[in-house]
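Examination of the molecular architecture
Now for the letters of each chain:
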Amino acid sequence: MPAHDLDLLIHAARLAGETALTFHGPDAKSWEKPGEQGPVTEADLAVNAVLERELRGARPDYGWLSEESDDSAARLTQERVFIIDPIDGTRSFIEGSKSWAHSIAVAEGGQVTAAVVFLPAKNRLYAAAKGLGATLNGDPVRVTAQSGLTGASVVAAKPNYAPEKWVDGDVPDVQRVYRPSLAYRLSLVAQGRFDAMLTLRNSWEWDIAAGALILTEAGATVTDMHGQALQFNNPHPQVKGVVAAGPALHADLTARLLSAQG
C-alpha cells in the first residue's frame, strides 16, 4: 500500500506544481491569516484544491489534514490520513524565490507511510515509502556520516542558537545554514547536502510529515526536541519541534540540547 500511495502522491505533486507555476509569486493575491498564522496566497488555495481533488478523489476513505482546509475531527477516526501543506514557504513564494515546496504525506496509525516534497520551481522531487528508501528525482539519497556536532552543517533558524536552548549555554560551533521551507530543510538533510536540521518550537504536522519519512528512509534519526518519536494525526496537529540527523550526530545533538535532558 505505501508504494501504491506514493505513486498517487507523485502524480498529485506534479499536477500541483503545474498549477503553482501558473502564478507569479510577487503578483499573486495574498493576505494575512487571522491569529498571526502568516500569509496565504491565491496560489496556496488553488494548489490545495488540486491536491484535494486528486487525492481524495482517489482515496475517499482517507482523512484530510491540510494547512489550507478547515480541520475536522473526522480524520481522527479514519485509518489513514493525508497530511498536506499546499505551499510550504509561502513567504518565499511571494518574494519570487524558488525555495518553496509542496509537502504531501499519508499517515497510518500515527506514522507516515508515503511522502513527497516537491519543489516545482527547482524541479526537485523528494519521495519515500515506508521500508523502500528515499529518492531525489528517482535516485537514492542518504544522510551524511557526520558523527560529531562540532563543524557539522546544521539547517536551522537563528533563534535555535540562543544560549538558553543548550546545556550550560554552550552553543555548538557549527556551520549555520537556513532555507525558508521547513519541508525543504528536512529534505536537504535527507539528500546529504547538510548534516542536521533542527527546529526548537512547536511545528505544524503539515510542514514536517513528508520530510520526516524522507529523512527516516534516508537513514536519519528523527525525533521531537525532547528526543521522543514523532506521532502524526494528533487532535491538535502539532509536534514539539524536530531534531534530525544521522544516528551518531543525532545523539550528539540531543545530548547538547537542554530540551532533551531529563
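Reference entry: report on the structure contained in this document. The residue count restarts for each chain, going from 1 along the sequence in the order it is written. In view of the model being predicted, local features appear only for residues whose pLDDT reaches at least 70, and side-chain atom pairs are presented and counted only at 80 or more, with totals across whole chains, interfaces and linings using the full set of residues. Hydrogens and water are ignored here; the side-chain numbers use all heavy atoms of the structure.

Before going further, it helps to spend a moment on the packing of aromatic side chains. The geometry of an aromatic ring pair is captured by two quantities: the separation of the ring centres and the angle between the planes. Stacked, edge-to-face and tilted are the three classes for Phe, Tyr and Trp ring pairs, Trp counted by its six-membered ring, which pair at centre distances within 6.5 Å; planes under 30 degrees apart are stacked, over 60 edge-to-face, the rest tilted. Counting across every chain of the model gives four aromatic pairs. Centre to centre, the rings of Trp64 and Phe82 are 6.1 Å apart; their planes meet at 65°, and the pair counts as edge-to-face. In this pair, Trp64 is assigned in strand E3 (residues 63-66) and Phe82 in strand E4 (residues 80-88), connecting sequence segments 18 residues apart. The buried label goes to any residue with under 20% of its type's maximum accessible area, the exposed label to any with over 50%, and the partly exposed label to all in between, with areas taken from a 1.4 Å probe on protein chains only. Residue Phe82 is classed as buried on the basis of its relative accessible area of 0%. Here the aromatic residues Tyr62, Trp64 and Phe82 are joined through ring pairs into a cluster of three or more. In this scheme, Lys NZ or Arg CZ marks a charge over a ring once it lies within 6 Å of the ring centre and within 35 degrees of the ring normal. A cation over a ring is seen here: Arg176 above Tyr161, with NZ or CZ 4.0 Å from the ring centre. For the purposes of this entry, the term helix denotes a DSSP run of H or I that reaches at least four residues, the term strand denotes a run of E that reaches at least two, and both are numbered from the N terminus.

Here we come to the environment of Glu54. With respect to the helices, strands and loops of the structure, Glu54 is situated in helix H2 (residues 42-58). As for Glu54 and His24, which are separated by 30 residues in sequence, their C-alpha atoms are 23 Å apart. We call two residues in contact when some of their heavy atoms are within 4.5 Å. Residues contacting Glu54, with those up to four places away along its chain left out, are Leu8, His11, Ala12 and Leu15.

At least two bridges found by DSSP between two strands is the condition for calling them paired. The strand order E3-E4-E5-E6-E7-E8-E9 describes an open sheet built from seven strands, whose pairing is mixed. The open sheet terminates on both sides in strands that have one partner only, identified here as E3 and strand E9 (139-140). Inspection of the sheet shows E4 paired to strand E5 (residues 101-108) by seven bridges, in the antiparallel sense. Looking at the pairing, Arg80 lines up with Glu108 of E5. As a rule, the C-alpha atoms of each element are fitted with a line to give its axis, helices using only the stretch in contact, and angles between N-to-C directions run from 0 to 180 degrees. Those strands touched by helix H1 (residues 2-20) are E4, E5, strand E6 (111-119) and strand E7 (124-129), and its axis lies near 25° from that of E6. Helix-sheet contacts for H2 involve E3, E4 and E5, and the interaxial angle to E4 is about 155°.

Another aspect to go through is the side chain of Glu217. Positionally, Glu217 belongs in helix H5 (residues 205-217). When charges are counted, neither His nor the chain ends are considered; positive counts come from Lys and Arg and negative counts from Asp and Glu. For salt bridges, the criterion is a side-chain nitrogen of Lys or Arg within 4 Å of an Asp or Glu carboxyl oxygen. For the buried residue Glu217, which engages in no salt bridge, the nearest side chain bearing the opposite charge is Arg142, 7.3 Å off. Polar contacts involving the side chain of Glu217 include one to the main-chain amide nitrogen of Gly133, which spans 2.7 Å. Those residues in contact with Glu217 that lie beyond four places of it in its chain are Ala128, Ala129, Lys130, Gly131, Leu132, Gly133, Ala134 and Arg142. Under the rule applied, a polar contact is a pair of N or O atoms within 3.5 Å (in protein, one hydrogen donor and one hydrogen acceptor; residues adjacent in sequence only if both atoms are side-chain atoms).

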